[in-house]
Amino acid sequence: MSDIRFSGVTRVFQRDGREFPTLAGIDLAVADREFVAIVGPSGCGKTTCLRMAAGLEFPTTGTVAVGGRIVESPGPERAVVFQQFALFPWKSVWDNIDFGLKCKGEPGAGRRARIEQIIGVMGLQGYESAFPHQLSGGMQQRVAIARAYVLEPDVLLMDEPFGALDAQTRTVMQEELVRLARVNPRTVLFITHAVDEAVYLADRVVVMTRRPGAIREIVDVASVRRAERWDRHERIEDVMDQESFVHLRTHIWRLLREQQARNDH
Amino acid sequence: MSARSGQAPLPRFEATGLWLAGLGGFFGLWTLVALSGAVSAQFLPSPWAVVERFGELARTPFVGHTIQEHLVSSIGRYLAGFGLAAMIGVPLGLMMGWFRGLDDAVTPLFEAIRFVAPIAWVPFAALWFGTGIGGPVLIIFMGAFPPALINAYRGAKFVEPRLIEAGRMLGASDLRMITQVLLPASVPSIVAGLRISAGLGWQSLVGAELIVASSGIGYLMVKGQSAISTATVMCGMIAIGVVGYAIDALLRAVEAHIHRRRGRNAR
Amino acid sequence: MQPGHSAAIGVATVVLALALWALFTTAIPWIDTARFPAPADVWAALTQITVQGYADARLWRHVAQSSVLVLTGFATACTVGVALGLAMGWSRRAEALLNPVFLLLRPIPPLAWIPLAIVWLGLGDAAKVLVIFMAAFVPAVINTYTGVRAMEPQIVEASSMLGARGPRFVREVLVPAAAPHIFTGLRLSLQASWTTLVAAELVGALYGLGQVLNNAAQDIYPGMILVGMVFVGLCGGLMTAVLGWVERRAMPWRAA
């Protein structure tokens, strides 16, 4: 079991003796092998939620638990894919992917096989000895995803992973992620501000309010996806053409616009 | 967010405690060794004896002068050498940044001379100037000149092309371009260079005075050394450290001031 | 402008400078050769020091003496300095404990340690190594510390997420991340070591290039002074070049 459970999570940020609430009570349960995307206005605390699951930040009150255990520190069972990739510039592609396995103390032979496999899945063959700076942004993010996936983590935490990529690369990566999730499903928490991306990838989309962040609505995508058989379509643009897709997207857009409007007043 | 995420800042009392422990450990160990008698007081005076010696040096002349007078003559030489380095280095650097031919001609000679440590000029300094003021000034100059020139050069070389184009379009002459475009645009780089210059010049001064001088803090230290008076040597080190720190603090303040003003206007 | 053009001007200036030097010290004696040597004097001095020896030894012996001392002091200072810089950069406790002492010693220029080293350890090698150590230590610590502090927070987070800790973290994350700054520090350290050693040898030594300079100054021997200076420059330049080569080999990811 590797679910993620936010129970009454708040976060208060202190500066100059004043208190600024950034999260106002989050209750959310991500089921085992479920893909949940969080969208919301910038500064609403969505990234903070992900970092709490990763053990990089901590709630002021409430708890975040993964697989029933309260998160206290970062660890390889909760792999993070960062927006800016965060690859080690001094390590080759192979060594970047290998590093987490080495830290786990896995023996050499087993590591080799797993790295070769993930390099194949992510289409990184031929780049094993390249350094990150020699790769395009899209390739770098493939390495970052490979580095996370190779650990076979309980949960995968993705913080706007495609935010730094150009539109075309982004589309390719989204399709690849769907393919990867089919082959090897994981519990995923995915932060984005692209509504299309959220609806295309996620089983459920959590829409947050503006700061201090709270959950405005949780939109169920998985049932629509199954009912409308989106997986008949191989290409992202064909899925996005579906009336059901457009409907969901518009609904989420309206929720976000409502937050925006409140912001303007 | 700091690079040391996961490491919360230390609570204030712990930080202060460690800070005091560090300093206390240093001076405590020093005092302990000095008082234990394991090392004679001549070689390792206690911190307190050094302070007392400083008072003595301030009141009664040592090798001809009180410590203040030594300091004054050091600072005089320093200002002469550093001033000369800045006055020649900065304009030359700017011109090298502007005139391609001058750059090509001077750079190889400059690089060759720069490789020689400033202190290696001591024999020529002695030969040419004896123990007069020229010797130390030459050595300070050799220490302070390269960074002054290099930074002015870099500043001029990397001026935004659109500023130069604008100047050209308005028909500015070479002199005007240098004084009214390159110079103001390179001020941050020049000041950064002068700060390095000032530091290296101060170091070179100490070296020069150890060898070719008959007054100054370096001279005081060498004489303290021959008299095997560790306390005198340490007083010299303190004086040098304090003045060096003050020079750097002053130039840092100038730098910060310029950055603040630039921060609003330019960019 | 063609790329060869600048180099040609550079070579031309150097040749011209050498020619003017030869001209004004010999044919048109505007420069007093008692104050600055003629090319022939330099050549004579060079043959003397390489063949018969000068200041009690031949050239290679002086060069070896100085180089070995610099490398000893530099290596010790860098080992200690980098370790201390890593500790101070990474741990707030180590920083709080060590920083005040470091701030106290830091403004003292390396050359100012020379008299103290001589009082404590005499004119022998030990005093030289101490002085070089003090010179090389400060830049090594400061730059390593800066390198650690300049680490991208995400890199630190990624490494803790992947489970890196202990010696593996230091070896595979902390050191390579700080490596560019560490090498900047080492370059400054090496320059300071070399300058300081020459100064220390000028103040007093048995062998070494500084001692050659010192003897030449006392003998009023301009040719030998220039030979000494040239070799101080050459050795310093060679060491810097070697360090640059090591730097490129050590950080292959920064090439290209």
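Residues numbered from 1 in each chain as written. Chains lettered and ligands numbered in written order. Predicted model: local features only at pLDDT ≥ 70, side-chain atom pairs only at ≥ 80, totals over all residues.

**Focus on the overall build of chain C**
Basically, it comes down to this: Under the DSSP-based scheme used, a helix requires at least four consecutive residues in state H or I and a strand at least two consecutive residues in state E, with every element numbered from the N terminus. Only the C-alpha atoms count toward the radius of gyration. The rule for a globule is 2.2 Å times the residue count to the power 0.38. The exposure scheme places C-beta atoms from the backbone and then counts, for each residue, the other C-beta atoms within 10 Å of its own, assigning buried at 20 or more, exposed at 12 or fewer, and partly exposed in between. We call two residues in contact whenever the C-beta atoms placed from their backbones are within 7 Å.
Within chain C, the regular secondary structure consists of ten helices and zero strands. The C-alpha atoms of chain C give 23 Å as radius of gyration, which overshoots the globular expectation for 256 residues (18 Å, by more than 25%). In terms of overall dimensions, chain C has C-alpha extents of about 75 × 60 × 30 Å along its principal axes. Expressed as a percentage of the 256 residues in chain C, the buried residues total 47%. Restricting to contacts in chain C with at least 6 residues of sequence separation, those with at least 24 account for 74%.

**What about the overall build of chain B?**
A count of helices and strands for chain B gives ten helices and zero strands. Helices and strands in chain B line up, N terminus first, as α-α-α-α-α-α-α-α-α-α. For chain B, the proportion of its 267 residues judged to be buried stands at 40%. Here the contacts in chain B between residues at least 6 apart in sequence split such that 74% fall between residues at least 24 apart.

**Concerning the interface of chain C and chain B**
What counts, and what does not: Ten residues, namely Ala, Val, Leu, Ile, Met, Phe, Trp, Tyr, Cys and Pro, are considered nonpolar, four, namely Asp, Glu, Lys and Arg, are considered charged, and the remaining ones, Gly among them, are considered polar.
Contacts between chain C and chain B engage 52 residues on the former and 52 residues on the latter. Each residue belonging to the side of chain C that touches chain B can be placed in one class, and the counts come to 38 nonpolar, nine polar and five charged.

**Observations concerning the nonpolar core**
Short version of the rule: Remark: nonpolar core denotes a set of buried Ala, Val, Leu, Ile, Met, Phe, Trp, Tyr and Cys residues whose joining runs through C-beta atoms within 7 Å.
In this structure, A:A53, A:V205, B:V122 and C:I132 are the most contacted members of the largest nonpolar core, which totals 220 residues. Ignoring sequence-local partners within four residues, the contact set of B:V122 consists of B:I139, B:A208, B:I211, B:V212, C:L202 and C:L213.

**Considerations on the environment of A:V9**
Residues and elements named next belong to chain A. Turning to its location among the elements, V9 is positioned in strand β1 (residues 4-15). Between the C-alpha atoms of V9 and I191, which are 182 residues apart in sequence, the distance is 17 Å. Those residues in contact with V9 that lie beyond four places of it in its chain are L23, I26, M52, P59, G62 and V64.

**Some thoughts on the pairing of strand β10 (residues 215-220) of chain A**
Regular strands place their side chains on alternate faces of the sheet. All names here are of chain A. Definition in use: Note on pairing: two strands pair once DSSP finds at least 2 bridges between them.
Note that strand β9 (residues 204-208) and β10 share five bridges and pair antiparallel. In the sheet register, M208 faces β10, and the bridge partner there is I215. Between the end of β9 and the start of β10, which pair antiparallel, lie six residues.

**Focus: helix α7 (residues 153-161) of chain C**
For α7(C), the tally of buried residues reaches eight of nine residues, placing the bulk of the element in the interior. Regarding α7(C), the residues found buried are C:Q154, C:I155, C:V156, C:E157, C:A158, C:S159, C:S160 and C:M161. On its buried face, α7(C) is in contact with α1 (46-54) and β6 (78-81) of chain A together with α8 (166-203) of chain C. Phi turns positive, to about 90°, at C:G163, one or two residues after α7(C).

**Digging into the domain arrangement of chain B**
In plain terms, the rule: Domain boundaries shown here were taken from an automatic or database domain assignment.
For chain B, the assigned domains read domain 1 (1-39) and domain 2 (53-265). Each of domain 1 of chain B and domain 2 of chain B has a C-alpha centre, and the two are 34 Å apart.

**As for the sheet that holds strand β2 (residues 18-30) of chain A**
Residue and element names in this part refer to chain A. Selection rule: Axis definition: a line fitted to C-alpha atoms, limited for helices to the stretch in contact. Angles are taken between N-to-C directions and run from 0 to 180 degrees.
If you trace the four strands from one edge of the open sheet to the other, you get β2-β1-β4-β5, paired in antiparallel fashion. Strands at the two margins of the open sheet, each flanked by one partner only, are β2 and β5 (69-70). Across five bridges, β1 lies against strand β4 (residues 61-66) in antiparallel orientation. Paired with F6 across the bridge in β4 is V64. Sheet contacts for α1: β1, β2 and β4; angle to β1, the most-contacted strand, approximately 115°.

**Re the sheet that holds strand β8 (residues 187-191) of chain A**
All names here are of chain A. Here six strands make up an open sheet; going across it, the order is β6-β7-β8-β3-β9-β10 and the pairing mixed. Here the strands that pair on one side only, and so sit at the sheet edges, are β6 and β10. Sheet twist, expressed as the average angle between the axes of neighbouring strands with direction ignored, equals 15°. Pairing of strand β3 (residues 35-39) with β8 involves four bridges; the strand directions are parallel. Each bridged residue has a counterpart across the sheet, and for A37 the counterpart in β8 is F190. Its contacts with the sheet put helix α4 (residues 137-149) on β6 and β7 (155-159), and the angle it makes with β6 is roughly 180°.

**Section: the environment of C:L197**
All names here are of chain C. With respect to the element layout, L197 can be found in helix α8. Taking the number of C-beta atoms within 10 Å as the measure of exposure, L197 has 33 and is therefore buried. Sequence spacing of L197 and D41 is 156 residues, and the spatial spacing of their C-alpha atoms is 26 Å. Setting aside anything within four residues of it in sequence, one finds L197 in contact with S66, L69, V70, K128, I132 and G210.

**Section: the confidence of the model for chain B**
All names here are of chain B. What counts, and what does not: In predicted models, pLDDT denotes the confidence assigned by the predictor to each residue on a 0 to 100 scale.
Taken over all residues, the pLDDT of chain B has a mean of 87, while the share at 70 or more is 95%. Averaged pLDDT values over the elements of chain B bottom out at 83 in helix α7 (residues 161-169) and peak at 93 in helix α3 (residues 67-98). Here residues 1-6 is modelled with pLDDT under 50, and outside its nearest four sequence neighbours on either side it reaches 13 contacts, counting other chains as well.

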